[in-house]
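Residue strings, one per chain:
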Amino acid sequence: MAPLTIADALVKSLIINGCNTVFGVPGIQLYDLMDAFYRESDQIKFISTRHEQGAGYMANGYAHVSGHMGTLVVVPGPGLMNASAAIGTAYSSSNPVFVISGQIPKSLIGRDTGALHEVNGQIKMIEPITKWSRLIDNPLNAVNDIEEGFQKIFNGRKRPVEIEIPTDMFSSVIDEGITLKRMDSNQTFNYEENSEMLQMIIDAKRPLLWVGKGNALTSQLVTKLSELINAPVFVSGSGKGMIADDHPLSLGVPLTTCPEIDTLISKSDLVIAIDTRIPENQLDIVKSIVEIVPDEANLYYRDMINQYSMIGNVNIVLTKLLEEIKDTPLNSIYSNDEIASVKEAIKLRISHIEPQMSFVRAIRSASPKETILIEGVNQIGYACRMGYPVYTHDGYITSSYFGNLGFAYPTALGAKVAAPDRPVVCISGDGGFLFNSQEMATAMQYGIHVVVVVFNDNAYGNVYRDQINKYDGRVIASQLQNPDFVQLAKSYGMDAVRINKPNELEIELSKAIDKNRSCLIEVSVGMMPSPW
């Protein structure tokens with residue numbers, strides 16, 4: 001039997017811990033690791049992308065939809081830097097991405113010799129957008145370090161972790177008698193320490209749920225809790241679908257320009273925030289918050305808010321809460337008419353956002369309920385967050401507070417790899433799409449069939465409109481000269497079509513979803529009014 005190297009141990013540990021797909025770009029510091037992937041290629045697939053940023057976003061989309069970790073492999077220095085925007089997006093979105101970076105030879109680290117891809121203090125560069133990182137440069141500790149990485153990614157808030165391994169360490173032999181282990185979540189919840197907060201929830205007369213991203217079980221528990229205490233539910237952008245938008249208690253993502261929403265929040269005696277932060281612009285009308293978070297409490301910097309935090313595995317906390325209150329008399333005084341009237345007011349305000357909402361309705365009409373929609377940073381994406389109904393917990397993906405151009409298309413590819421039997425639709429603008437349009441090559445090479453809808457206004461549309469409206473028409477650096485997107489997509493072997501009306505979009509999107517082929521739909525549009 002061949003001796004076990006660090007590279008072999010890492011790949012085998014990935015497999016033991018449930019990884020069957022890796023996204024990345026190979027390079028010279030990774031040769032021994034790539035050889036280890038080759039030896040296990042019957043159990044783990046390596047998807048080679050055309051840019052490290054694309055690979056990072058694919059790992060992000062995969063993690064969001066699969067509920068498991070996405071895995072990213074890059075060379076050090078420029079490779080890791082290229083991927084950093086995607087890693088930051090995963091961090092902001094609470095998506096677990098296991099980042100594996102190469103490193104220069106161990107003896108050269110920190111010596112500033114100009115070694116290929118050298119970045120002094122690389123691990124410090126990545127620390128702000130990971131929950132844990134480690135340089136693995138000792139064969140005696142390598143397996144423990146790798147397993148600690150898995151332990152970190154499976155526990156607490158789901159965020160990226162990073163390990164980096166010098167190129168000459170991958171081939172180092174480790175102890176032949178070592179046993180590789182599977183790491184699992186070990187989070188618990190202490191009821192006795194949180195009984196006062198549970199009682200606050202029971203006693204609330206006007207409770208309000210505010211929900212972030214979670215998994216299928218979280219969605220079920222949130223829905224049960226809202227029904228049991230008769231509480232209306234707001235969600236964050238990343239939490240769309242955690243309660244189905246056609247549920248009577250669902251109020252969607254709260255608009256910032258809706259008086260009916262502000263009234264509802266200000267009258268609430270308790271906001272129950274489930275794995276999310278209350279937006280800063282709505283905190284001033286919140287009285288009391290009980291938050292359920294997997295690790296650290298949120299800091300709101302508001303003296304007037306009574307804030308309490310229950311820390312633990314969110315699903316365990318919700319399960320315990322439901323057990324405690326299932327036989328308790330209902331205290332909520334909301335009427336069905338009150339909640340329905342707020343829901344109707346939201347619908348009315350959204351309906352005036354045109355032409356965006358006509359396109360949003362066309363997208364929803366053409367897409368089956370189980371469709372996964374990726375919200376790009378563009379005019380239609382903003383409107384989708386407000387008015388695109390979602391019915392599954394993993395049916396909507398945003399870039400969270402990172403709000404970065406270029407994330408949508410490669411994230412959609414990663415989502416499709418995680419859910420090959422579900423339609424995946426990406427909403428992009430022309431500016432953002434060209435950040436990572438090269439990944440159309442990856443889509444065709446690996447048969448990852450996503451429909452991307454590119455709304456083309458030949459501009460960074462938000463900037464262009466604001467320069468016209470807010471800066472007296474002093475337009476600078478916001479107008480774009482684009483390629484022919486239809487011909488560009490076709491050159492990769494994709495289906496492609498150009499349209500300009502909502503009814504045409506509905507027809508073509510429906511066709512594309514039915515074909516289950518890679519497709520680009522270009523929608524020619526002009527400047528749109530602000531959705532806010």
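Please read all numbers here as calculations on a predicted model, not as lab measurements.

### Here's the deal with the overall build of the protein
Consideration 1: From N to C terminus, the protein includes 19 helices and 18 strands.
Consideration 2: Relative to its length of 532 residues, the protein is compact, with a C-alpha radius of gyration of 24 Å against a globular reference of 24 Å.
Consideration 3: Across its three principal axes, the protein shows a C-alpha extent of roughly 70 × 60 × 45 Å.
Consideration 4: Here the protein, with 532 residues, has 57% of them falling under the buried criterion.
Consideration 5: In the protein, 74% of the contacts between residues at least 6 apart in sequence involve partners at least 24 apart.

### Description of the layout of surface pockets
Consideration 1: Estimates place the volume of the second largest pocket at around 520 Å³.
Consideration 2: As for the second largest pocket, its lining consists of 22 residues, of which K347, I350, M386, G387 and P389 are closest to the centre.
Consideration 3: Secondary-structure elements contributing two or more residues to the lining of the second largest pocket are β9 (250–252), α11 (336–351), α12 (356–366) and α13 (379–387).
Consideration 4: Per element, the largest residue contribution to the lining of the second largest pocket is 6 residues, and it comes from α11.
Consideration 5: Residue composition of the lining of the second largest pocket, by class: 10 nonpolar, 4 polar and 8 charged.

### Considering the sheet that holds strand β3 (residues 70–74)
Consideration 1: One open sheet holds the 6 strands; their spatial order is β2-β1-β3-β4-β6-β5, and the pairing between them is parallel. Each edge of the open sheet carries a strand with a single partner, namely β2 (45–48) and β5 (132–135). Direction aside, the axes of adjacent strands within the sheet are offset by 20° on average.
Consideration 2: The pairing of strand β1 (residues 21–24) with β2 spans 4 bridges and is parallel. Considered in β2, the bridge of G24 is made with S48.
Consideration 3: Strands in contact with helix α3 (residues 52–66) are β1, β3 and β4 (97–103); relative to β3, the strand with the most contacts, it is inclined by about 165°.

### Focus: the nonpolar core
Consideration 1: The biggest cluster of nonpolar side chains holds 52 residues, and the ones touching the most others in it are F455, L505 and L509.
Consideration 2: Setting aside anything within four residues of it in sequence, one finds F455 in contact with F359, I363, I380, I427, S428, G429, D430, L505, V523 and V525.
Consideration 3: Among the nonpolar cores identified, the runner-up in size contains 46 residues, and A63, A83, I372 and C426 belong to it.

### What to know about α13
Consideration 1: Counting buried positions along α13 gives 7 out of 9 residues, so the element sits mostly inside the fold.
Consideration 2: For α13, the set of buried residues is Q379, I380, G381, Y382, A383, C384 and M386.
Consideration 3: In this structure N378 caps α13, since a side-chain oxygen of it lies 3.1 Å from the backbone nitrogen of I380.

### Considering the packing of α3 against helix α4 (residues 78–92)
Consideration 1: Direction vectors running N to C along α3 and α4 enclose 25°, while the axes themselves pass 7 Å from each other. One element, α3, and the other, α4, form an angle in the roughly parallel class. Like other packed secondary-structure pairs, α3 and α4 cross with a definite hand, here right-handed. The residues of α4 that touch α3, namely those facing E52, Q53, G56, Y57 and N60, are G79, N82, A83, A85, A86, T89 and A90.
Consideration 2: Partitioned by chemical class, the residues of the contact of α3 with α4 number 5 nonpolar, 6 polar and 1 charged.

### Some points on empty space enclosed by the protein
Consideration 1: Applying the stated criterion across every chain yields a total of 1 cavity of 30 Å³ or more.
Consideration 2: If you add up the space inside the largest cavity, you get close to 80 Å³.
Consideration 3: Forming the boundary of the largest cavity are 14 residues, of which G406, F407, A408, S428 and G432 lie nearest the centre.
Consideration 4: For the lining of the largest cavity, the secondary structure elements donating two or more residues are α14 (408–418), β15 (424–429) and α15 (430–433).
Consideration 5: Ranked by residues supplied to the lining of the largest cavity, first place goes to α14 with 3 residues.
Consideration 6: Across the lining of the largest cavity, the residue classes tally to 7 nonpolar, 7 polar and no charged.

### Examining a nonpolar patch on the surface
Consideration 1: Taken together, I28, Y31 and L116 make up a surface patch of nonpolar side chains, about 340 Å² in accessible area.
Consideration 2: Note that Y31 resides in helix α2 (residues 31–39).

### Some points on the environment of Y300
Consideration 1: Along the polypeptide, Y300 turns up in the loop between β11 (288–293) and β12 (306–311).
Consideration 2: Other than its neighbours up to four places away in sequence, Y300 contacts T276, R277, I278, E280, L283, I289, E291 and Q307.

Conventions adopted
- Residues numbered from 1 in each chain as written.
- Predicted model: local features only at pLDDT ≥ 70, side-chain atom pairs only at ≥ 80, totals over all residues.
- Heavy atoms only, no water.
- Helix = DSSP H or I, 4+ residues; strand = E, 2+ residues; numbered from the N terminus.
- Rg over C-alpha atoms; globule rule 2.2 N^0.38 Å.
- Buried < 20%, exposed > 50% of the residue type's maximum accessible area, 1.4 Å probe, protein only.
- Contact = heavy atoms within 4.5 Å.
- 1 Å grid on protein atoms, 1.4 Å probe; cavity = no way out; pocket = protein on both sides within 12 Å on 5 of 7 lines; lining within 4 Å.
- Points joined across faces, edges and corners; volume = space filled by probe spheres on them.
- Nonpolar A, V, L, I, M, F, W, Y, C, P; charged D, E, K, R; others polar.
- Pairing = 2+ DSSP bridges.
- Axes fitted to C-alpha atoms, helices over the stretch in contact; angles between N-to-C directions.
- Core = buried A, V, L, I, M, F, W, Y, C linked by side-chain atoms within 4.5 Å.
- Polar contact = N/O pair within 3.5 Å; in protein donor to acceptor, adjacent residues only side chain to side chain.
- Parallel < 35°, antiparallel > 145°, perpendicular 65-115°, else oblique.
- Left-handed = near helix turned anticlockwise from the far one by under 90°.
- Patch = residues over 30% accessible without salt bridge, like charges linked within 9 Å, V, L, I, M, F, W, Y side chains within 5 Å.
- Areas by Shrake-Rupley, 256 points an atom, 1.4 Å probe, with all protein chains shown as cover.
- Salt bridge = Lys/Arg side-chain N within 4 Å of Asp/Glu carboxyl O.

Purely spatial values, then, with no claim about function.
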